[in-house]
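Structural features, examined
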2 protein chains.
Amino acid sequence: MAKAQPNADARRQRRGGAELRTAILQAASEIFLEEGYQGASIEAVIEKVGGSKRAIYSHFGGKKELFAALVAEASSTVIGQTSPENIEGKGVSDTLRMFGLQATRVLMAPTTLGLYRAVIAEGMRQPDVAQAFFENGPGRASKGLAQVLEQFQARGAISIKDSQRAAERFIGMLRDDVHLQVVLGLRAPLSEAEIAESVEQAVGVFMHGIAAPPS
Amino acid sequence: MAKAQPNADARRQRRGGAELRTAILQAASEIFLEEGYQGASIEAVIEKVGGSKRAIYSHFGGKKELFAALVAEASSTVIGQTSPENIEGKGVSDTLRMFGLQATRVLMAPTTLGLYRAVIAEGMRQPDVAQAFFENGPGRASKGLAQVLEQFQARGAISIKDSQRAAERFIGMLRDDVHLQVVLGLRAPLSEAEIAESVEQAVGVFMHGIAAPPS
DNA sequence: GTCTATATTGCGATAGAC
DNA sequence: GTCTATCGCAATATAGAC
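Below is a summary of the structure that appears in this document. (Residues numbered from 1 in each chain as written. Chains lettered and ligands numbered in written order. Predicted model: local features only at pLDDT ≥ 70, side-chain atom pairs only at ≥ 80, totals over all residues. Heavy atoms only, no water.)

1. Some thoughts on the overall build of chain A
As a reminder of what qualifies: Helical segments are the DSSP runs of H or I of at least four residues, strand segments are the runs of E of at least two, and each set is numbered from the N terminus. Burial classification: accessible surface area is computed with a 1.4 Å probe over protein chains only, and a residue below 20% of its type maximum counts as buried, one above 50% as exposed, and the rest as partly exposed. Residue contacts are counted whenever heavy atoms from the two residues lie within 4.5 Å of one another. Throughout, the Shrake-Rupley method with a 1.4 Å probe supplies accessible areas, and for residues the shown protein chains are the sole cover considered.
In terms of helices and strands, chain A carries 11 helices and 0 strands. Taking the principal axes of the C-alpha coordinates as reference, chain A spans close to 75 × 35 × 35 Å. The 215 residues of chain A split such that 51% are buried. Across chain A, the fraction of contacts at a sequence separation of at least 24, relative to all contacts at a separation of at least 6, is 69%. Accessible surface, chain A: about 10200 Å² in total, of which carbon and sulfur atoms supply 50%.

What follows is the structure, given as structure tokens:
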């Protein structure tokens, strides 16, 4: 009478230590990022993995540590997809567009959305988790973009005082009300076409602003 | 042996129905916005109000309904502070600056931060709460700004295709990584001086972009 | 006060590696 | 066989909705 059928081979095969650890992390991700830290139950994780509760405690120590491990891992994995581009021979707009597309896709991915929700909910109570998330996630992305902007600045292609701040503004535009609505579950994540359109508009504003050109 | 000392007069005074309701909402705000929906306990709210246990259930029905009521109320109250400005005789930059200052102050207020955390955490599980928050909060703010932008557009002061989208971008810039860090508890809310500086920079980018002027 | 959920721990049984 | 990781299950304890 198994409620949710665990992986069929989970019970009969014996997995090596590291393998079980990975399996637990994977299952825990799904549960924690969907239910939130407080809403998640160790029991549910076990059911998914097919092991015993004891395994979790011997591997991680407790619920908190499991959550921390999971966030650190997921933050790094997800954000690796928003790396600074090779900008040889590219213009500012093209570079921003490419970065924007990557970043927005990441922002719309289910894992990222779950991370967002879970970490924001628990940030005040688990500062180390919040720290790990920010540094490996949004922080790294904005630093990467800032570096790129600095190169353009050195070439005289753009005119900014603070490249870090500028990068954060651009990313802020990508994380606007539409993103908030997706985070809140009020609308579906953007399609690839909608992402392209959104990024296009953001690049336009970021490059030239909204002021009417002197006619 | 009261742990947290309830309001001294809470116990001895008998309050009218509406008054009690307000008192409960007030206490619930403090608890829920600090601990999050799942972390909050009805017991704690009762202790703070000092009333009888049944009061909450007869007034609101249950934990969920209390949370919903509280979010609806707080969203409206807080966001009322970011109303569309009277822009008679003002320029675009000045208007954006004023709006930006108001909005950023709201964004940095403890109540707003608590709302953010709690609603984002629960959004997927309580769609009506998410909806109420967004409509009364961020949604209303961006609509207000969009209307103002449209007036400027009509005058030819700015050049945009979609005023709603543009408004969301500006607000997005205000809700950038710095705001995220505050939400996560990784840094203290901005001081008034820092807010002014931040808004100034955002207005600059939004108005003219970062492209180097053709020399 | 009742009842349910759930984190945590203890401990003996067991399966595979060597 | 020994060893180590894991399992399965029971017991404890606490919290919290109603």
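On we go from here.
2. Describing the layout of surface pockets
If a probe the size of a water molecule is rolled over the atoms, the empty space left behind becomes visible. Note the cut-off: The way it works is a 1 Å grid over only the protein atoms, where trapped points that fit a 1.4 Å probe form a cavity and open points with protein on both sides within 12 Å along at least five of seven lines form a pocket, and then any residue with an atom within 4 Å of a point lines it. Grid points are joined across faces, edges and corners, and a volume is the space filled by probe spheres set on the points. Charged means Asp, Glu, Lys or Arg here, nonpolar means Ala, Val, Leu, Ile, Met, Phe, Trp, Tyr, Cys or Pro, and polar covers whatever is left, Gly included.
Estimates place the volume of the largest pocket at around 680 Å³. Lining the largest pocket are 44 residues, and of these B:Ser29, B:Leu33, B:Glu34, B:Gly114 and B:Ala118 sit closest to its centre. Those elements that provide at least two residues to the lining of the largest pocket are helix 2 (17-35) and helix 7 (110-122) of chain A together with helix 2 (17-39), helix 5 (63-79) and helix 7 (110-122) of chain B. Examining the composition of the lining of the largest pocket, we find that 12 residues originate from one element, helix 2 of chain B, more than from any other. The residue inventory of the lining of the largest pocket, partitioned by class, reads 20 nonpolar, 11 polar and 13 charged. Here the second largest pocket defines a volume of roughly 430 Å³. Forming the walls of the second largest pocket are 21 residues, and the residues nearest its centre are A:Ser29, A:Glu30, A:Leu33, A:Pro110 and A:Thr111.

3. Concerning the environment of A:Glu168
Here A:Glu168 is to be found in helix 9 (residues 163-174). Each C-alpha atom, one on A:Glu168 and one on A:Ala141, is 9.1 Å from the other, the two residues being 27 residues apart in sequence. Among residues more than four places away in sequence, those in contact with A:Glu168 are A:Ser142, B:Asp176, B:Asp177 and B:Val178.

4. Some points on the side chain of A:Ser29
Tracing the chain through its elements places A:Ser29 in helix 2. Contacts of A:Ser29, omitting those with residues within four sequence positions, involve A:Glu34 and A:Leu70.

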